[in-house]
Amino acid sequence: MHDQQTHLDGADRDVVLLPQLPALGPLYARAAGGSALGAGTRTARGLWAKAAGAIPGLGSGSASSGGTRLELPAVDLLVADVPIDDQAHRGFCEVVGAPIRTRPDGGVEAFSGYLHALSFPAAMALLTREDFPLPLLGLVHLSNSVVHELPLLVGEHVGITVRAQNLRPHRSGAQFDVVAELRTEDTQELAWTGTSTYLARGVRLPEAEKAEQASRPEFEAPLPTARWQLGADTGRRYAAVSGDVNPIHLSGASAKALGMKGAIAHGMYTASRALAMVDAPAPLRWDVEFGAPLLLPGAPSVSVQRDGRGTELRTAEVVVWDARRGRPHAALSVRRLDEHSRRRHVAY
């Protein structure tokens, strides 16, 4: 696939136009077999160590060497015409338990968690570019923040733009954000913005001494209101509807080959299923922080607390945790956006 690249006038970023969303399988294969990772490496820790030694400017675990500074590529990837497919949307909603929200005019509102899955291949295309300075395998997904300003309907087409930004120190390495934007096809209004924050363990930035972060408070389990029963096939079922075929989610064998104790649930499966329990339409904002991996099969405890329901929702909190070990897997917060907190942006 050949990319078409243009330069934004008056900006320091290039726009790379992708003709279509890429398939995720080949992108993961590229990440596992690319020159930066090398061949024959088996564990996630080994993948990272080998990759770090092969990335210019990352000698000895540092993000700068000989005056060379680690920088994220100043590029936006754009897929201009992406359909919100009805069958794909329904399959996703079925797996995560999200209701199909039909409007009075018969239109179906796209579930906000599905819109993340829709944009994820573009984000993966960015993370696997040859000029991306950090290896994909071994990245830790820390959190997501989504501002869903306008309802998008199944059957509509959207434009998807992704960029990486805000590389900064973390107590365990370096973190950065991948921002995905979905715009309406007709008016080019910004409808949905998702910011995914990732950690590259062991990467030390020059300003790392400024990254001292307050320790997290000890987890206090809330009163459970539900329990999920997740089978060993949960990762494969989510991969089938999201396209996210990362081996750490598919089976115990493939996960252990990458240094995991066993297969773990996708973070965005957990987030989407939690969001589905809130059952609120746009406009809304939702934020999720991920904690301990959720091993499959599993039966995590869940707590849902909300103020209002449906279009009357004001706020909600969902916590998913391991009751036996007292460890949180994910904490989701949702709040309704009013007219004063909504933004409007026009495409380039």
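What you are looking at is a predicted structure, and each value in this text was computed from that prediction instead of being measured.

What counts as what
Residues numbered from 1 in each chain as written. Predicted model: local features only at pLDDT ≥ 70, side-chain atom pairs only at ≥ 80, totals over all residues. Heavy atoms only, no water. Helix = DSSP H or I, 4+ residues; strand = E, 2+ residues; numbered from the N terminus. Buried < 20%, exposed > 50% of the residue type's maximum accessible area, 1.4 Å probe, protein only. Contact = heavy atoms within 4.5 Å. Areas by Shrake-Rupley, 256 points an atom, 1.4 Å probe, with all protein chains shown as cover. Pairing = 2+ DSSP bridges. Axes fitted to C-alpha atoms, helices over the stretch in contact; angles between N-to-C directions. Parallel < 35°, antiparallel > 145°, perpendicular 65-115°, else oblique. Left-handed = near helix turned anticlockwise from the far one by under 90°. Nonpolar A, V, L, I, M, F, W, Y, C, P; charged D, E, K, R; others polar. Salt bridge = Lys/Arg side-chain N within 4 Å of Asp/Glu carboxyl O. Phe/Tyr/Trp six-rings, centres within 6.5 Å; stacked < 30°, edge-to-face > 60°. Polar contact = N/O pair within 3.5 Å; in protein donor to acceptor, adjacent residues only side chain to side chain. 1 Å grid on protein atoms, 1.4 Å probe; cavity = no way out; pocket = protein on both sides within 12 Å on 5 of 7 lines; lining within 4 Å. Points joined across faces, edges and corners; volume = space filled by probe spheres on them. Domains from an automatic or database assignment.

### Here's the deal with the overall build of the protein chain
Okay, step 1: What the protein chain contains, in helices and strands, is seven helices and 16 strands.
Okay, step 2: Across the 348 residues of the protein chain, 48% fall into the buried class.
Okay, step 3: Look at the contacts in the protein chain between residues 6 or more apart in sequence, and 71% of them connect residues 24 or more apart.
Okay, step 4: If you sum the accessible surface of the protein chain, you get close to 16700 Å²; carbon and sulfur atoms cover 50% of it.

### Observations regarding the pairing of strand β10 (residues 173-184)
Note on strand geometry: in a regular strand, side chains alternate between the two faces of the sheet.
Okay, step 1: In terms of burial, β10 is a largely internal element, twelve of the twelve residues being buried.
Okay, step 2: As judged from the eleven bridges shared by strand β9 (residues 157-170) and β10, these two strands associate in the antiparallel manner. Following the sheet pairing, Val 162 is matched in β10 by Ala 180.
Okay, step 3: Connecting β9 to the next strand, β10, in antiparallel fashion are two residues.
Okay, step 4: Summarising the sheet, β10 and strand β11 (residues 190-201) pair through eleven bridges and their orientation is antiparallel. Directly across from Glu 181, in β11, lies its bridge partner Thr 193.

### A word on the packing of helix α3 (residues 86-96) against helix α5 (residues 234-242)
Okay, step 1: Contact geometry of α3 with α5 gives a least axis separation of 9 Å together with a crossing angle of 160 degrees. The angle between α3 and α5 falls in the class roughly antiparallel. α3 and α5 meet at a crossing whose hand is left-handed. In contact with Gly 91, Phe 92, Val 95 and Val 96 of α3, α5 contributes Arg 237, Tyr 238, Val 241 and Ser 242.
Okay, step 2: Within the contact of α3 with α5, the residues separate by chemical class into five nonpolar, two polar and one charged.

### Details of unusual backbone geometry
Okay, step 1: Note that the residue after Ala 282, namely Pro 283, is joined by a cis bond; omega there is 10 degrees.
Okay, step 2: Tracing the sequence through the fold places Pro 283 in the loop between α7 (267-278) and β13 (284-290).
Okay, step 3: With omega at -5 degrees, the peptide bond leading from Leu 296 into Pro 297 counts as cis.
Okay, step 4: Along the polypeptide, Pro 297 turns up in the loop between β13 and β14 (301-307).
Okay, step 5: Backbone geometry places Asn 166, a non-glycine residue, at a positive phi of 60 degrees.
Okay, step 6: Summarising the element assignment, Asn 166 is placed in strand β9.
Okay, step 7: In the Ramachandran plot, Asp 279 falls in the positive-phi region, its phi being about 55 degrees despite a non-glycine side chain.

### A word on the pattern of salt bridges
Okay, step 1: Inspection of the entire model under this criterion finds 13 salt bridges.
Okay, step 2: As a salt-bridge pair, Asp 287 and Arg 285 come within 3.0 Å of each other at their nearest N and O atoms.
Okay, step 3: Overlapping salt bridges bring together Arg 13, Asp 76, Arg 163, Glu 181 and Arg 183 as one network.

### Looking at the packing of aromatic side chains
Okay, step 1: In total, this model carries seven aromatic pairs according to the counting rule given.
Okay, step 2: Centre to centre, the rings of Phe 92 and Phe 111 are 6.3 Å apart; their planes meet at 40 degrees, and the pair counts as tilted. With Phe 92 in helix α3 and Phe 111 in the loop between β7 (108-109) and α4 (112-127), the pair connects residues that are 19 residues apart, well separated along the chain.
Okay, step 3: In textbook terms, an aromatic cluster arises when at least three aromatic residues are bridged by ring pairs, as seen for Phe 92, Phe 111, Tyr 114, Tyr 238 and Tyr 269.

### A few points about the packing of α3 against α7
A pair of packed helices is captured by two measures, namely the crossing angle of their axes and the spacing between those axes.
Okay, step 1: Relative orientation of the contacting elements α3 and α7 amounts to 85 degrees, with a least axis distance of 9 Å. In terms of orientation, α3 lies roughly perpendicular with respect to α7. Every residue of α7 that contacts α3 at Phe 92, Val 95 and Val 96 is listed here: Tyr 269, Ser 272, Arg 273 and Ala 276.
Okay, step 2: Its residues assigned to classes, the contact of α3 with α7 shows five nonpolar, one polar and one charged.

### Observations regarding the environment of Ser 196
Okay, step 1: Relative to the helices and strands, Ser 196 resides in strand β11.
Okay, step 2: Separated by 16 residues in sequence, Ser 196 and Ala 180 have C-alpha atoms that sit 8.3 Å apart.
Okay, step 3: A distance of 2.9 Å separates a polar atom in the side chain of Ser 196 from a polar atom in the side chain of Asn 144.

### Describing empty space enclosed by the protein
Okay, step 1: Enumeration over the complete set of coordinates arrives at two cavities of 30 Å³ or more.
Okay, step 2: Considered as a void within the structure, the largest cavity measures approximately 180 Å³ in volume.
Okay, step 3: Lining the largest cavity we find 17 residues, and of these Arg 101, Phe 111, Ser 112, Ala 280 and Pro 281 sit closest to its centre.
Okay, step 4: For the lining of the largest cavity, the secondary-structure elements that each account for two or more residues are α3 and α7.
Okay, step 5: There are two domains that each give the lining of the largest cavity at least three residues, and those are domain 1 (15-23 + 71-205) and domain 2 (220-347).
Okay, step 6: Each pocket or cavity is described by its volume, and for the second largest cavity that value is around 60 Å³.
Okay, step 7: Lining the second largest cavity are His 116, Ser 119, Phe 120, Ala 123, Val 178, Ala 180, Trp 192, Gly 194, Ser 196 and Tyr 198.
Okay, step 8: Those elements that provide at least two residues to the lining of the second largest cavity are α4, β10 and β11.

Scope: geometric values only; no functional claims are made or implied.
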